[in-house]
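Close look at the chain arrangement
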Amino acid sequence: MSISENLEKLFSLQGKVVLLTGSAGGIGSELARGLAGVGAELALADLAMPPLQALADELGGGGHAGYVLDISDLDSISQCVHDILFRHGRIDVLINCAGINKREGFLDVEEATYDRIMGVNLKGLYFLTQAVVRESMMKTGGKIINMASYNSTSMLGGVSVYGATKSAVAALTRSMAIEWAKFNIQANAIAPGHILTPLTAITWANEHRAGYLRERISAERPGLPAELVGITVLLASGASNYMTGALINVDGGAIAGGKPWQFDTKY
Ligand SMILES: NC(=O)c1ccc[n+]([C@@H]2O[C@H](COP(=O)([O-])OP(=O)(O)OC[C@H]3O[C@@H](n4cnc5c(N)ncnc54)[C@H](O)[C@@H]3O)[C@@H](O)[C@H]2O)c1
């Protein structure tokens, strides 16, 4: 077998139905392009249809379709999962990528903001995953990929609620891994570092904050959404069949320690 045939056998998602939430977002839309490129059939889910339809059209043939989903609403979750199973028959891979943030000091956060962030990032992810496993994956096995964050393990000012949800996402990933191994489901979380998307554009446009972040990233630059495609394909494919419960940093060295202080070297 040639190298390319071996690689294709390891990483191909040909014929796999992938439910991707947050498909219209900066990271989600780039993951959709990457996954379609290795053969996945995408159920693209987000709050509104027009960007999903545009993305499905851009991806061309392959059975891709858009689905309106408000992940913070349990009825919307049931409807969306029902519609996807009616059209695609099963869900092989669930990528929980929808997420929101609002930067406010701990003492400034009001109940409505707290509930909104919790409702999307945590409760929504919890009950969508429950529905997908109950309705499909416990019969067929599958892969779950949760979008955690740098803030799952390290904090920045003004992201207390967001960080709490992302730490919880890492914890939920471990629960999914141990409870559903018997169904041949593997669940892993990706912890992106500072990725340049609509969610973070406001931060990178602020010179003080951008400089602060560059000091804390060994690569000294934000990541690009396309730089999350490789790990996602790995976790969605058979190449990761013995990986489960992991939290994987993709962050240009941020959690490792960021940019080192000045020290003398011979090189
Ligand atoms: N950008 C980063 O630096 C970064 C870093 C770490 C983790 N993340 C995580 O990656 C994921 C994607 O982030 P992004 O930067 O692409 O953000 P984004 O704002 O570009 O995309 C998020 C998407 O989620 C959708 N969404 C929001 N509320 C929803 C709801 N109630 N129901 C369904 N969909 C909803 C939005 O419409 C949007 O399309 C998020 O979970 C985020 O927390 C991002």
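The structure this text deals with has already been given above.
Per chain, residue numbering runs from 1 following the sequence as it is written. Reporting in this predicted model follows two pLDDT cut-offs: at least 70 for local features of residues, and 80 or more for side-chain atom pairs to be given and counted; totals over whole chains, interfaces and linings ignore these cut-offs and use all residues.

**Re the overall build of the protein chain**
- For the purposes of this entry, the term helix denotes a DSSP run of H or I that reaches at least four residues, the term strand denotes a run of E that reaches at least two, and both are numbered from the N terminus. When helices and strands are tallied, the protein chain shows nine helices and seven strands.
- Here the globule rule is a power law, 2.2 Å times the number of residues to the power 0.38, and the radius of gyration is based on C-alpha atoms. On C-alpha atoms alone, the protein chain measures out to a radius of gyration of 19 Å, which is about the 18 Å that the 2.2 N^0.38 rule sets for 267 residues.
- Dimensions along the principal axes, computed over C-alpha positions, put the protein chain at roughly 55 × 55 × 40 Å.
- To assign burial, the other C-beta atoms lying within 10 Å of each residue's own C-beta are counted, with C-beta atoms placed from the backbone; 20 or more indicates buried, 12 or fewer indicates exposed, and intermediate counts indicate partly exposed. For the protein chain, the residues scored as buried account for 41% of the 267 residues in total.
- At a minimum sequence separation of 6, the contacts of the protein chain that also span at least 24 residues come to 72%. Residue pairs are scored as contacts if the distance between their C-beta atoms, which are placed from the backbone, is within 7 Å.

**Quick notes on the pairing of strand 3 (residues 65–68)**
- Strand pairing is assigned whenever DSSP identifies at least 2 bridges connecting the two strands. Across four bridges, the pairing between strand 2 (residues 41–46) and strand 3 is parallel. When the sheet's bridge partners are listed, Ala45 is paired in strand 3 with Tyr67.
- In terms of handedness, the path from strand 2 via helix 3 (residues 49–59) over to strand 3 forms a crossover that is right-handed. Here is how to tell: hold the view so the strands point away, follow the path from the first strand over the helix to the second, and if it runs clockwise the crossover is right-handed.

**Side note on the pairing of strand 2**
- With respect to burial, strand 2 is a largely interior element, six of its six residues being buried.
- Alternating residues of strand 2 divide into Glu41, Ala43 and Ala45 and Leu42, Leu44 and Asp46, and every residue in both groups is buried.
- Sheet topology places strand 1 (residues 17–21) next to strand 2; five bridges connect them, and they run parallel. Considered in strand 2, the bridge of Val18 is made with Leu42.
- Read from strand 1 through helix 2 (residues 26–37) to strand 2, the crossover connection turns out right-handed.

**What about the site of the ligand?**
- Around the ligand, 28 residues are found, and the nearest of them are Gly25, Ile27, Gly99, Thr197 and Leu199.
- At three residues, helix 2 tops the list of elements feeding residues into the shell around the ligand.
- Here the term charged refers only to Asp, Glu, Lys and Arg, the term nonpolar to Ala, Val, Leu, Ile, Met, Phe, Trp, Tyr, Cys and Pro, and the term polar to all other amino acids, Gly among them. Here the residues of the shell around the ligand are counted per class, giving 15 nonpolar, 11 polar and two charged. Nearness here has a simple definition: the residue's C-beta atom, placed using the backbone, must lie within 6 Å of the molecule or strand.

**Here we look at the environment of Glu135**
- Inspection of the secondary structure assignment puts Glu135 in helix 5 (residues 111–140).
- It is 24 Å that separates the C-alpha atoms of Glu135 and Met49, two residues lying 86 residues apart in sequence.
- Dropping the residues within four chain positions of it, Glu135 is found in contact with Val81 and Leu85.

**Things to note about the sheet that holds strand 1**
- Read across the sheet, seven strands follow the order 3-2-1-4-5-6-7 without closing on themselves; strand pairing throughout is parallel. Strands at the two margins of the open sheet, each flanked by one partner only, are strand 3 and strand 7 (247–250). Pairwise comparison of adjacent strand axes, ignoring direction, gives a mean angle of 20 degrees for this sheet. For helices, the fitted axis covers only the stretch in contact; all axes are lines through C-alpha atoms, and the angles between them, taken along N-to-C directions, range from 0 to 180 degrees.

**Re the environment of Asp57**
- Tracing the backbone through its elements, the reader meets Asp57 in helix 3.
- On the basis of neighbour count, Asp57 is assigned to the exposed category, with 10 C-beta atoms found within 10 Å.
- Along the chain, Asp57 and Val120 lie 63 residues apart, while their C-alpha atoms are 27 Å from each other.

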